[in-house]
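Below are the chains, spelled out letter by letter.
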Amino acid sequence: TQLLEQSPQFLSIQEGENLTVYCNSSSVFSSLQWYRQEPGEGPVLLVTVVTGGEVKKLKRLTFQFGDARKDSSLHITAAQPGDTGLYLCAGRIYGQNFVFGPGTRLSVLP
Amino acid sequence: EADIYQTPRYLVIGTGKKITLECSQTMGHDKMYWYQQDPGMELHLIHYSYGVNSTEKGDLSSESTVSRIRTEHFPLTLESARPSHTSQYLCASSDPESGETEAFFGQGTRLTVV
């Protein structure tokens, strides 16, 4: 069974600060996704990365897929209260189901 | 924007009742999933389907059952609800035709069994 680990588990920061959260595994994934989930809602897809070393930007969010396709990071610049939520990473090995990490719960204080 | 819908959003029901959680998607995706998620906890796969007439059990054992009579519809049924079934249930779909690189989720059903 593949496991995805995420760190930190909890993060509380002030508005305007930068932060990075991590997603790590010993498995190689054919694709990796990042989702944001708000309380009582379903996860919303932010990005998918498929190529080792790939970097994608979504406004103030920068996503990177590790060269070996075993890990990923999410960097948020100048965090805003609207960024508050549970950030989930999920990986998929071809032919298998998605594997979800436990998430990083981010709180951005005004 | 993903077109996958779950009803009801919230359900409070008494022990022993039979319930069906509905999930429909309009994207034509063959593969669909049901996840269970307790507050603040990770997602656990309880059922999935490769397409019509296909149903498989997921990683987490569940007393619920599913059916897939139509591509767009993947309902989950609990024959006799118990307080231990209280949780959030999330439905998702993905498209094997495009490499199945991402899953799209519904808004979830928060079930409380009293």
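Residues numbered from 1 in each chain as written. Chains lettered and ligands numbered in written order. Predicted model: local features only at pLDDT ≥ 70, side-chain atom pairs only at ≥ 80, totals over all residues. Heavy atoms only, no water.

> Help me out: how do you make sense of the nonpolar core in this one?
Inside soluble globular proteins, nonpolar side chains tend to come together where they are buried. Core analysis: the largest hydrophobic core is formed by 22 residues, its most contacted members being Leu19(A), Leu32(A), Trp34(A), Phe63(A), Leu74(A), Ile76(A) and Leu106(A). Contributions of two or more residues to this core are made by β3 (19–24), β4 (31–37), β5 (44–49), β7 (61–65), β8 (71–76), β9 (85–92) and β11 (104–109) of chain A. Those residues in contact with Leu74(A), other than ones at most four positions away along the chain, are Leu19(A), Thr20(A), Val21(A), Trp34(A), Leu61(A), Thr62(A), Phe63(A) and Tyr87(A). Cys23(B), Leu76(B), Tyr89(B) and Cys91(B) belong to the second largest nonpolar core, which has 17 residues in total. (Core = buried A, V, L, I, M, F, W, Y, C linked by side-chain atoms within 4.5 Å. Buried < 20%, exposed > 50% of the residue type's maximum accessible area, 1.4 Å probe, protein only. Helix = DSSP H or I, 4+ residues; strand = E, 2+ residues; numbered from the N terminus. Contact = heavy atoms within 4.5 Å.)

> Help me understand the pairing of β11(A) in this model?
The two faces of a sheet get side chains in turn, since along a regular strand they alternate between them. All names here are of chain A. Residues Thr 104, Leu 106 and Val 108 of β11 are buried on one face, while the alternating residues Arg 105, Ser 107 and Leu 109, pointing to the opposite face, are not. Sheet topology note: the strand β2 (residues 10–14)/β11 ladder contains five bridges and is parallel. Among the inter-strand pairings, Gln 14 is bridged to a residue of β11, identified as Leu 109. Relative to β11, β9 runs antiparallel, the two sharing three bridges. (Pairing = 2+ DSSP bridges.)

> I'm lost on the environment of Ala90(A) in this one. Help?
Residue and element names in this part refer to chain A. Summarising the element assignment, Ala 90 is placed in strand β9. Along the primary structure Ala 90 and Glu 5 are separated by 85 residues, whereas in three dimensions their C-alpha atoms are 10.0 Å apart. Excluding anything up to four places from it in sequence, Ala 90 contacts Leu 4, Ser 31, Leu 32, Gln 33, Tyr 35, Val 99 and Phe 100.

> How should I be thinking about the state of the cysteines in this particular structure?
Disulfide: a covalent bond connecting the sulfur atoms of a pair of cysteines. According to the stated counting rule, one finds two disulfides over all chains in the structure shown. One disulfide in the model links Cys23(A) with Cys89(A); its S-S distance is 2.0 Å. With the S-S bond torsion at 75 degrees, the cross-link from Cys23(A) to Cys89(A) turns out right-handed. Taken as a pair, Cys23(A) in strand β3 and Cys89(A) in strand β9 lie far apart in primary sequence, 66 residues in all. Owing to a relative accessible area of 0%, Cys23(A) belongs among the buried residues under this scheme. Exposure remark for Cys89(A): the relative accessible area of 0% places this residue in the buried category. Put simply, Cys23(B) and Cys91(B) are joined by a disulfide, and their sulfur atoms are 1.9 Å apart. Torsion about the S-S bond of the Cys23(B) and Cys91(B) cystine: about -75 degrees, corresponding to left-handed handedness. With Cys23(B) in strand β3 (residues 19–25) and Cys91(B) in strand β9 (residues 87–94), the pair connects residues that are 68 residues apart, well separated along the chain. Owing to a relative accessible area of 0%, Cys23(B) belongs among the buried residues under this scheme. (Disulfide = S-S within 2.5 Å.)

> I tried to follow the packing of aromatic side chains on my own but got confused; where do I start?
Two aromatic rings are characterised by how far apart their centres lie and by the angle between their planes. In the structure shown here, the tally under the stated rule is eight aromatic pairs over all chains. Considering the side-chain rings of Phe98(A) and Tyr33(B), the 5.9 Å spacing of their centres and the 65 degrees angle between planes classify their relative orientation as edge-to-face. Residue Phe98(A) is located in the loop between β9 and β10 (99–100), and its partner Tyr33(B) is located in strand β4 (residues 31–37); the two belong to separate chains. Relative to Phe105(B), the ring of Tyr35(B) has its centre 5.6 Å away and its plane inclined at 45 degrees; by these criteria the two rings are tilted. With Tyr35(B) in strand β4 and Phe105(B) in strand β10 (residues 104–105), this residue pair connects regions lying 70 residues apart in the sequence. Judged by relative accessible area, Tyr35(B) falls into the buried class, the value being 1%. Judged by relative accessible area, which is 9%, Phe105(B) ranks as buried. Of the aromatic side chains, those joined through ring pairs into one cluster are Tyr35(A), Phe98(A), Phe100(A), Tyr33(B), Tyr35(B) and Phe105(B). Note that Arg68(B) overlies the ring of Phe74(B), its terminal NZ or CZ placed 5.8 Å from the centroid. (Phe/Tyr/Trp six-rings, centres within 6.5 Å; stacked < 30°, edge-to-face > 60°. Lys NZ or Arg CZ within 6 Å of the ring centre and 35° of its normal.)

> Can you help me understand the sheet that holds β8(A) in this one?
Remark on secondary structure: sheet strands pair via backbone hydrogen bonds, oriented parallel or antiparallel. All names here are of chain A. Strand order in the open sheet made by the five strands is β1-β3-β8-β7-β6, with antiparallel pairing throughout. Strand pairing shows two members of the sheet lacking a second neighbour, β1 (5–7) and β6 (55–58), which therefore form its edges. Neighbour to neighbour, the strand axes of the sheet diverge by 15 degrees on average, direction disregarded. With six bridges connecting them, β3 and β8 associate as antiparallel partners. (Axes fitted to C-alpha atoms, helices over the stretch in contact; angles between N-to-C directions.)

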